[in-house]
Protein chains: 2
Amino acid sequence: MKTLTENLSYFKAKLIDLMNYNHSESIVHWDLETGAPKESIRRASRLLGFYSEIKYNILTEDKFISAINFLGKNLDKLNEIDKKSVIETQKDIERIKKIPVAEYREYQELIANAQGIWGEARAENNFSKFQPYLEKIVKYSKKYAEYKGYDEHPYDALLDDYEPNITVKKLDIFFDTLKKELVPFIEKIKAKENKISDKLLKLKYNTEKQKEFSKFIAEYLGFDFNRGMLKESLHPFSMGLNKYDVRMTTRYHEDFLQTSIFGTIHETGHSIYEQNIGDDIWDTVLGGGNSMGIHESQSRLYENLIARTKEFWIPIYNKLVETFPENLKNISIDDFYLAINKAKPSKIRVEADELTYSLHIMLRYEIEKQLIEGKIEVKDLPEIWNKMTKEYLGLDIENDAEGVLQDVHWAAGLFGYFPSYALGSANASQIMNKMSKTIDIQATLKKGELSKIKDYLNKNIHQYGKLKDPSELMIIATGEEPNSKYYTDYLIDKYSNIYEIN
Amino acid sequence: MKTLTENLSYFKAKLIDLMNYNHSESIVHWDLETGAPKESIRRASRLLGFYSEIKYNILTEDKFISAINFLGKNLDKLNEIDKKSVIETQKDIERIKKIPVAEYREYQELIANAQGIWGEARAENNFSKFQPYLEKIVKYSKKYAEYKGYDEHPYDALLDDYEPNITVKKLDIFFDTLKKELVPFIEKIKAKENKISDKLLKLKYNTEKQKEFSKFIAEYLGFDFNRGMLKESLHPFSMGLNKYDVRMTTRYHEDFLQTSIFGTIHETGHSIYEQNIGDDIWDTVLGGGNSMGIHESQSRLYENLIARTKEFWIPIYNKLVETFPENLKNISIDDFYLAINKAKPSKIRVEADELTYSLHIMLRYEIEKQLIEGKIEVKDLPEIWNKMTKEYLGLDIENDAEGVLQDVHWAAGLFGYFPSYALGSANASQIMNKMSKTIDIQATLKKGELSKIKDYLNKNIHQYGKLKDPSELMIIATGEEPNSKYYTDYLIDKYSNIYEIN
């Protein structure tokens, strides 16, 4: 192929194929995680392996590489979307072509199977059932880091998959700052622990009614049910197949109302992002959310900075009381507000409060870093996990289901992913700070005008999809690069008020 | 490729690819029909078109054709499974290669979209919304018949896709016999219409409890929920992705208990078939149920010849009464048995009784035949439908939702499919007749030993998958070719007893 047009159209046709395989893969994953028959994994895992292999073959095909090399030399002749598509795909190729195809396919099948096993191991509280799978996944991840290459630390290679330009060096500083600022602050709060009770959230809340309310609140935030759905799964997640098909799950605990409400709000934050990618890019490889740190900023912003304010609840608290009058009819909105903001170290990450949450991430970060370095071994994880939980959170883990087996991420091979949760929280504070200069947030929430918030985020973040780099996007949205100061300031300010600390 | 081994392994590798695309297609269809967001069809229809195109390309690829031609000349050197795989795939190639790829893909997208539109048109009772889609589908079906070719009647080309060797000539005789035997018999029953009341089935039956009972009865028949699932959809169906993943749906009417119970039993019949394909062929292209006429024999056998006997209900009627005591506690099993066997012409095919069911098929057969011949036009269908319903069933159709829009089949492009329902009923009677010579069916059902029935069908039908031709399979299972005498004899005998006709 000689002309720009020929190369570009070949390139774009192949990207559409890739998108079709990604779409297929997502549907199969969704299916597996929301009710597929148990033994279906036997054939479905091979199907996932098949998709991986085909995607690998497309990305490493000579003609495709030659087209992309041609385009890479003519970037200045391409429009912004094509240009960015070329650049991102070049990165994908770089990443993938170093891994032998058989290994890649085998790994995809491994993680498809491992997730089922993790679910069983967790249900049976039996780490040893999961251990051999996790050992293989860690082994592959270490190999993958070597294949991919890195400048300073093997874990950097993994981090880069989720958050470009983030390194162990930067994260060590980030978490050190958090530790320095937050750990002594949390100590102060522990002294006032009894100031707030969240007992009212731990009464019996009917699951069907929780479902109704979850649906209501997703819609209230701006989730479009014609272009999405909400179901139930063991581990909540959201999945944007494209802006016309964005799916999310939550889970319901009869004895803890927060789980479903804030889980749903969190996933709705992700999903509103995916539903509002710009019309010019939704059907391209740029048509999804940006890095994990940006994605998580949207879920955290809704979950914490919006939905854990009193103003947010003013227009809808009555609706909640009407849904659960037996538990809430004598509870004031002020007490409810305090309950949903009680800060107290807990064992389960997804149920942690906003303040102590980042300690859970720090723990996972330390473990992953050392696993990938080879300083610790999978077989010792339960012990290490429990020891670190005691150290960071002051808690005794009694069984692995509430300890090392609590998260699906490792079963899914997502090493390097957890830090983006903390980065997301930091980005959320920074974005919120900037938004508050344009929108009177308290007044907007009081009036229930959630569409104003949504429109602001659509315009400043969502519409861009992957068209910009994460730091570029943060500059567009906030005028500066990611800066963790906003996060620590926000947390200390908020919790000083709640716990009356000065 | 020169050697048999080379050609065979290339052929088999490509079949695995085809199976992967079929698997993908099934998952997407399942997803669309059991709750995918409304607007997801926008992208999903293109995905289905993509699969079709790829499958088309695999089947028409030069290297693949040359391999299959090589193997076709060396059939005597292949084992039975490979040999039959070659023969069946040759037929698929013959069928597909006559259709231009763009047309094929366009058609796949058309029927993906048409099913959504059909659902809306039916809900809105608005045929004109569906009409332009149906016109395109009929147009394509006529063209397809020409591409495919036929000896006598264009409709033969379509029939052959679902039931090899069935022609208009044979069906005219088949339906004429049914008409001759059954229509006067049904007249006799009409005179005794008031002998049986099914009012007890039309009380209020709680949906959640129906769901429970449906699940119970599927398991009772032998459906394995580790390798399958039961959900809800507008139009009940079953889908065997492979023997480890067999899915089915039913629907629940609060005011008519039969719909869910017998719908579930019907689909369970299909699903037990798919779950019990032989271990040597499950993971090959032969690893699904045989022709539609054989498949439908299994669902009908369970639905009617097993589950509409009194003996079947003896061990489980108490369970049903306990599930719905408010409606059934004073109803004897004899009255229940009569109610589920009330014969009375009805408007909706899937709710028809066993006796008048084939008249619904006859109606559709006549319409399809004439549509494909070009004797009638899509725009006139509502009128024609209503007129024929009056003629065959003596009923006045008041709106298209209960008339021409009642079935999804045409929206799915399934012209030529309906006759297999009647053929299936006929095969079921023949198989049951033979089974009764080995197994004391009444005694077996009374003891609740459903596994005996299942094992018999597994051994004589299910295990073979597509390894045999339908008529060959009928000979294996019953010792003779399909013979409609068993069907009319069975019906007249059964209903003569019930209605005391001599």
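What counts, and where the lines are drawn
- Residues numbered from 1 in each chain as written.
- Chains lettered and ligands numbered in written order.
- Predicted model: local features only at pLDDT ≥ 70, side-chain atom pairs only at ≥ 80, totals over all residues.
- Heavy atoms only, no water.
- Pairing = 2+ DSSP bridges.
- Helix = DSSP H or I, 4+ residues; strand = E, 2+ residues; numbered from the N terminus.
- Axes fitted to C-alpha atoms, helices over the stretch in contact; angles between N-to-C directions.
- Parallel < 35°, antiparallel > 145°, perpendicular 65-115°, else oblique.
- Left-handed = near helix turned anticlockwise from the far one by under 90°.
- Contact = heavy atoms within 4.5 Å.
- Nonpolar A, V, L, I, M, F, W, Y, C, P; charged D, E, K, R; others polar.
- Buried < 20%, exposed > 50% of the residue type's maximum accessible area, 1.4 Å probe, protein only.
- Domains from an automatic or database assignment.
- Buried area = accessible area lost by both parts, 1.4 Å probe.
- Salt bridge = Lys/Arg side-chain N within 4 Å of Asp/Glu carboxyl O.
- Polar contact = N/O pair within 3.5 Å; in protein donor to acceptor, adjacent residues only side chain to side chain.
- Phe/Tyr/Trp six-rings, centres within 6.5 Å; stacked < 30°, edge-to-face > 60°.
- Lys NZ or Arg CZ within 6 Å of the ring centre and 35° of its normal.
- Least-squares fit on C-alpha atoms with pLDDT ≥ 70 in both.

Student: Just to check I follow, could you spell out the sheet that holds strand 2 (residues 238-242) of chain A for this structure?
Tutor: In any sheet, the strands associate via hydrogen bonds between backbone groups, in a parallel or an antiparallel arrangement. Residue and element names in this part refer to chain A. Across the sheet, which stays open at both edges, the 3 strands sit in the order 1-3-2 with mixed pairing between neighbours. Of all strands in the sheet, those bounded by a partner on one side alone are strand 1 (228-232) and strand 2. Across this sheet, the average inter-strand angle for adjacent strands is 15°, counted without regard to direction. Here 4 bridges tie strand 2 to strand 3 (residues 245-250), and the two strands are oriented antiparallel to one another.

Student: Hey, could you run me through the packing of helix 1 (residues 4-33) of chain A against helix 3 (residues 62-72) of chain A in this one?
Tutor: Axis angle and axis distance: for two packed helices, these are the angle between their axes and the distance between the axes, and together they describe the pair. Residues and elements named next belong to chain A. Packing of helix 1 against helix 3 leaves a shortest axis separation of 9 Å and a crossing angle of 125°. Accordingly, the angle class assigned to the pair helix 1 and helix 3 is oblique. Along this stretch, helix 1 crosses helix 3, giving a crossing that reads as left-handed. Residues L4, N7, L8, Y10, F11, K14 and L15 of helix 1 form the contact with helix 3, whose own contacting residues are K63, F64, S66, A67, I68, F70 and L71. Here the residues of the contact of helix 1 with helix 3 sort into 10 nonpolar, 2 polar and 2 charged.

Student: Sorry if this is basic, but what is going on with unusual backbone geometry here?
Tutor: With the exception of glycine, most residues fall at negative phi, and the peptide bonds are largely trans. Phi is positive for N125 of chain A, close to 55°, though the residue is something other than glycine. Mapped onto the secondary structure, N125 of chain A falls in the loop between helix 5 (101-124) and helix 6 (127-148).

Student: Which parts of the structure should I look at to understand the environment of I261 of chain A?
Tutor: Residue and element names in this part refer to chain A. Note that I261 resides in helix 10 (residues 257-275). A relative accessible area of 3% means that I261 is categorised as buried. C-alpha of I261 to C-alpha of E208: the two residues are 53 residues apart in sequence and 13 Å apart in space. With residues near it in sequence (within four places) discarded, I261 still touches F213, I217, W313 and L320.

Student: I keep staring at the domain arrangement of chain A and nothing clicks. Help me out?
Tutor: The extent of an interface is frequently quoted as the accessible surface area lost upon association of the parts. Residue and element names in this part refer to chain A. For chain A, the domain assignment lists domain 1 (4-127) and domain 2 (168-499). Across the contact, 26 residues belong to domain 1 and 38 residues belong to domain 2. Roughly 2,800 Å² of surface becomes buried between domain 1 and domain 2 when both sides are summed, with 68% attributable to carbon and sulfur atoms. Summed over the three residues of domain 1 that lose the most area to domain 2, namely W30, W118 and F127, the buried surface amounts to 30% of that side. Our count for the contact surface shared by domain 1 and domain 2 stands at 2 salt bridges. We note a salt bridge from K468 to E80, for which the minimum N-O separation is 2.7 Å. Counting the contacts that link domain 1 with domain 2 gives 8 residue pairs in polar contact (both at pLDDT 80 or more). When residues of the side of domain 1 that touches domain 2 are traced back to their parent elements, those giving at least two are helix 1, helix 4 (80-97) and helix 5. Each residue belonging to the side of domain 1 that touches domain 2 can be placed in one class, and the counts come to 11 nonpolar, 9 polar and 6 charged.

Student: Mind showing me how you'd approach the interface of chain B and chain A here?
Tutor: Counting residues at the interface gives 36 residues for chain B, matched by 36 residues for chain A. Between chain B and chain A lies a buried interface of about 3,100 Å² when both sides are counted; carbon and sulfur atoms form 53% of it. In this structure, D31 of chain B and R247 of chain A form a salt bridge, with 2.7 Å as the shortest nitrogen-oxygen distance. Run the count over chain B and chain A and you get 19 residue pairs in polar contact (both at pLDDT 80 or more). Of all the secondary structure elements, the ones that give two or more residues to the side of chain B that touches chain A are helix 1 (4-33), helix 2 (41-60), strand 1 (228-232) and strand 3 (245-250) of chain B. In terms of residue count, the dominant contributor to the side of chain B that touches chain A is helix 1 of chain B (10 residues). Per-class residue counts for the side of chain B that touches chain A are 16 nonpolar, 8 polar and 12 charged.

Student: Would you mind showing me how to read the packing of helix 1 of chain A against helix 4 of chain A here?
Tutor: Residues and elements named next belong to chain A. Following both chains from N to C, one finds helix 1 and helix 4 inclined at 65°, their axes separated by 12 Å at the closest point. Note on packing geometry: the crossing formed by helix 1 with helix 4 is left-handed. Every residue of helix 4 that contacts helix 1 at L8, F11, K12 and L15 is listed here: D82, S85, V86 and T89. Its residues assigned to classes, the contact of helix 1 with helix 4 shows 4 nonpolar, 2 polar and 2 charged.

Student: Honestly, the packing of aromatic side chains in this entry has me stumped. Any pointers?
Tutor: The way to describe two aromatic rings as a pair is by their centre distance and the angle between their planes. Per the stated rule, a full pass over the model turns up 57 aromatic pairs over all chains. With centroids separated by 4.9 Å and ring planes inclined at 80°, the aromatic side chains of Y244 of chain A and W282 of chain A adopt a geometry described as edge-to-face. Taken as a pair, Y244 of chain A in the loop between strand 2 and strand 3 and W282 of chain A in the loop between helix 10 and helix 11 (292-306) lie far apart in primary sequence, 38 residues in all. What makes Y244 of chain A buried here is its relative accessible area of 10%. The buried category is assigned to W282 of chain A, whose relative accessible area is 10%. When the ring of Y140 of chain B is compared with that of Y144 of chain B, the centres are 6.2 Å apart and the planes differ by 10°; the resulting orientation is stacked. One end of the pair, Y140 of chain B, and the other, Y144 of chain B, are both in helix 6 (residues 127-148), 4 residues apart, so they sit about a helical turn from each other. Take Y140 of chain B and Y144 of chain B: they sit in the same class, and that class is buried. Stacked on the ring of F225 of chain A, the Lys or Arg K215 of chain A has its end atom at 4.6 Å from the ring centre.

Student: It is not clear to me how the sheet that holds strand 1 of chain B should be interpreted in this structure. Could you clarify?
Tutor: Residues and elements named next belong to chain B. If you trace the 3 strands from one edge of the open sheet to the other, you get 1-3-2, paired in mixed fashion. The two strands at the open ends of the sheet, each matched to only one other strand, are strand 1 and strand 2 (238-242). Taking each pair of neighbouring strands and ignoring which way they run, the sheet shows an average axis angle of 15°. In terms of strand pairing, strand 1 meets strand 3 through 5 bridges, oriented parallel. By the bridge assignment for strand 3, K231 is matched with T249.

Student: What is the right way to read the relation of the copies chain B and chain A from this model?
Tutor: Two chain copies here: they are related by a rotation about an axis and a translation along the same axis. It takes a turn of 180° to lay chain B on chain A, together with a shift of 0.0 Å along the axis; the resulting RMSD is 0.0 Å. Both copies of the chain, as the preceding transformation shows, are related through a two-fold rotation axis. It is S24 of chain B whose C-alpha, among those of chain B, lies nearest the rotation axis, at 3.4 Å. Both copies present the same face, since 100% of the interface residues in chain B are matched by interface residues at the equivalent positions in chain A.

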